[in-house]
Amino acid sequence: MVLVYAESPKGKFKKSAFEAVTYGHKTAQVLGTECVALTLGDAEDAGQLGKYGASKVVSVSDAALNNFDSQVHTAVIAGAAAAVGANVVIVSHSANGKSLLGRLAAKMDAGSVSAAKEVPTNDGAFKVKTNVFSGKAIATYQIDSDNKVLSLMGNAIQPEEVGGAVAVEALSVAVPASRITIKEVKTVDGTVPLPEAELVVSAGRGMKGPENWGIIEDLAETLGATTACSRPVADTGWRPHHEHVGQTGVAVRPNLYIAAGISGAIQHLAGVNSSKVIVVINKDPEAPFFKAADYGVVGDLFEVVPALNQALKDYNAAN
Amino acid sequence: MKLLVCVSKTPETTAKISFSGDNTQFNEAGVQFIMNPYDEWYALVRALELKEKAGGSVTILNVGPKANDTVIRKGLAIGADNAVRIDAEPKSSLFVAKQIAAHAKAEGYDMIFLGKETIDYNGSEVGAMVAELMDQPYISFATALEVDGNTATVTREIEGGEEVSSLDTPFVISASKGLAEQRIPNMRGIMMAKRKPLTVVEATGATDLATVASYELPPAKSAVKLIDPDNMAELVRLLHEEAKVI
Ligand SMILES: Cc1cc2nc3c(=O)[nH]c(=O)nc-3n(C[C@H](O)[C@H](O)[C@H](O)COP(=O)(O)OP(=O)(O)OC[C@H]3O[C@@H](n4cnc5c(N)ncnc54)[C@H](O)[C@@H]3O)c2cc1C
């Protein structure tokens, strides 16, 4: 049996939860078994996870689980896995999912693969692919233990509806007390966090100074994109640290990454090479970023970025 | 305060990635190695700052072969008091975590620091595994840590924001950007590092449950399509109709 933990922050599923259940369903098919989805704490309309291939949904609705503590969540997920007889557990490779992956692997003495990017194969051995060396290579891992734990990279597969809603069964699993007291949660509502963003507009030192970022923000707003930057831009305080993309910052995997005034140093590329389509705007035709780009515009960003924004608005108005 | 910082050795960020042995091994020929930046810049430095303020000791731990001693010495040069190397050629994250936990259980550290991930395998697994094996709380991706007595206040990155929480020692913490500022070792530190104790211990038997069967390089990018800067309508059309990403 495959058990998928479907995260429901503030009681609601995000796309990553549907991706995880789709992935769990496909993994179960490879293994010739079924996929059960698990929700913890509040989870609105949990039965809808059946649409993505869960044969049933089990839920542990204890309100204590609305606060995340990897230790508590791990105990409950491992307890649920034992209760439903699952030896394969799948989580999202989210901020919280990352800490569940390692804990679950240790607790279940399971082989684990972080940020799986394809459905596993099982011809003689159970194998899963993941990016390594910050996306500069791909490794195929083999798991030899009966128990297996995987985290699914965001945006690696798309949610697929294969059926209808299913019944939700309350599961009784002991919830240990947390040793962590959460004092404050600060989230920015309205924008999609960078690691999950499907559209990203990023800018570098070519912007000359923080006062010029208006054109980047305008373009991002027209697209509904999240803004990002190169490392020196964050290090000099032009932009907040959480926007820093690259090998030593956030790794993004959007459908579209637009880079303006970024040279494309190898450490920056390491954070963006999982993007589906890359557009580079740079006045230097020799900028290394063009080698990693799908579309390139050689020109002054102070003219090109506003022109692109206007063209997008014109397109939206005409269609 | 007795602090442990787990460090790993990774290829330098501009290293050329290639494979040998029919694509089953990372080809180390000509590759420069460094201490994993998250371990060095943030985890180690924050541990040193806490020690400088409240007293105690900072131990560096690496699970790896003798060749890793250069990286360990760098950590000592930056300011750690002593170091332990668990002699093994690690192949899986759970193997590494079991070695760390075996050492840490015997020593009883107040806090165990690691970087949020290594820049080679990017797994982000070892810290969580160590915490589970030690039955301790785990704070991942910490951007701030203050300690008062045996109570810590920590800020960690969460999806779309930050969370501030408090907990008592002992616990395991993984370091993200912001936790501290990189320190460059000075001449005196480098000289002193040579005399600081580096203990080598044998690995405890643990099997690898997940290992790399093979590597491949990503498919080559096709050549960039250049668009006239005066024709952004064309770029918008291509993004809609050809790339289908908007
Ligand atoms: C260990 C290590 C880790 C690192 N990690 C990261 C990381 O995670 N992320 C990261 O980004 N960097 C990282 N770096 C830094 C990296 O090497 C580069 O220095 C950095 O990415 C450069 O940032 P940039 O492209 O914004 O600036 P620059 O390299 O200065 O490039 C600016 C670009 O803007 C263009 N430009 C200027 N004016 C205009 C204009 N008017 N119109 C159009 N284009 C213009 C220029 O042609 C140039 O290509 C790391 C470095 C090291 C050593």
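Look above for the structure.
Figured I'd write up the structure that's included with this text.

Around the ligand, a shell composed of 28 residues is seen, among which A:S230, A:T248, A:S263, A:Q267 and A:N282 lie nearest. Proximal residues around the ligand fall on chains A and B, making this an inter-chain site. Backbone polar atom of A:R205 to an oxygen atom of the ligand: 2.8 Å apart, as the coordinates give it. Taken together, the elements giving at least two residues each to the shell around the ligand come down to helix 5 (231-235), helix 6 (266-269) and helix 7 (301-318) of chain A. In terms of residue class, the shell around the ligand is made up of seven nonpolar, 15 polar and six charged.

Counting residues at the interface gives 84 residues for chain A and 77 residues for chain B. Here chain A meets chain B over a buried area of about 6800 Å², counting both sides, of which 58% is carbon and sulfur. Among the residues chain A hides against chain B, the three largest losses belong to A:R103, A:F133 and A:Y295. Together they make up 11% of the total. Inspection of the region where chain A meets chain B yields eight salt bridges. Linking B:E162 and A:K186 is a salt bridge whose minimum nitrogen-to-oxygen distance equals 3.8 Å.

Next up on the list: the pairing of strand 9 (residues 138-148) of chain B. Residues and elements named next belong to chain B. Taking burial as the measure, the eleven residues of strand 9 include eight buried ones, the bulk of the element. Bridging between strand 9 and strand 12 (residues 171-175) involves three bridges; their strand directions are parallel. Directly across from Y138, in strand 12, lies its bridge partner V172. Where strand 9 and strand 10 (residues 151-158) come together, six bridges link them in antiparallel fashion. Bridge pairing in strand 10 links D148 to T151. Hairpin connection of strand 9 to strand 10: two residues between the antiparallel strands, including G149 at a positive phi of 65°.

Turning to the sheet that holds strand 8 (residues 111-115) of chain B, a few remarks are in order. In sheet architecture, strand pairing relies on hydrogen bonds along the backbone and comes in two forms, parallel and antiparallel. Ordered by their spatial adjacency, ten strands build an open sheet running 11(A)-11(B)-10(B)-9(B)-12(B)-8(B)-1(B)-6(B)-7(B)-13(B), and the pairing between neighbours is mixed. Strand pairing shows two members of the sheet lacking a second neighbour, strand 11 (180-187) of chain A together with strand 13 (198-202) of chain B, which therefore form its edges. With strand direction ignored, the average angle separating the axes of adjacent strands in the sheet is 30°. Against the sheet, helix 3 (residues 95-108) of chain A makes contact with strand 9 and strand 10 of chain B, and its axis sits at roughly 95° relative to strand 9 of chain B, the strand it touches most. Of the strands in this sheet, strand 1 (2-6), strand 6 (57-64), strand 8, strand 9 and strand 12 of chain B are in contact with helix 1 (residues 37-54) of chain B, which crosses strand 8 of chain B at around 155°.

Thresholds applied
- Residues numbered from 1 in each chain as written.
- Chains lettered and ligands numbered in written order.
- Predicted model: local features only at pLDDT ≥ 70, side-chain atom pairs only at ≥ 80, totals over all residues.
- Heavy atoms only, no water.
- Near = heavy atom within 4 Å.
- Polar contact = N/O pair within 3.5 Å; in protein donor to acceptor, adjacent residues only side chain to side chain.
- Helix = DSSP H or I, 4+ residues; strand = E, 2+ residues; numbered from the N terminus.
- Nonpolar A, V, L, I, M, F, W, Y, C, P; charged D, E, K, R; others polar.
- Contact = heavy atoms within 4.5 Å.
- Buried area = accessible area lost by both parts, 1.4 Å probe.
- Salt bridge = Lys/Arg side-chain N within 4 Å of Asp/Glu carboxyl O.
- Buried < 20%, exposed > 50% of the residue type's maximum accessible area, 1.4 Å probe, protein only.
- Pairing = 2+ DSSP bridges.
- Axes fitted to C-alpha atoms, helices over the stretch in contact; angles between N-to-C directions.

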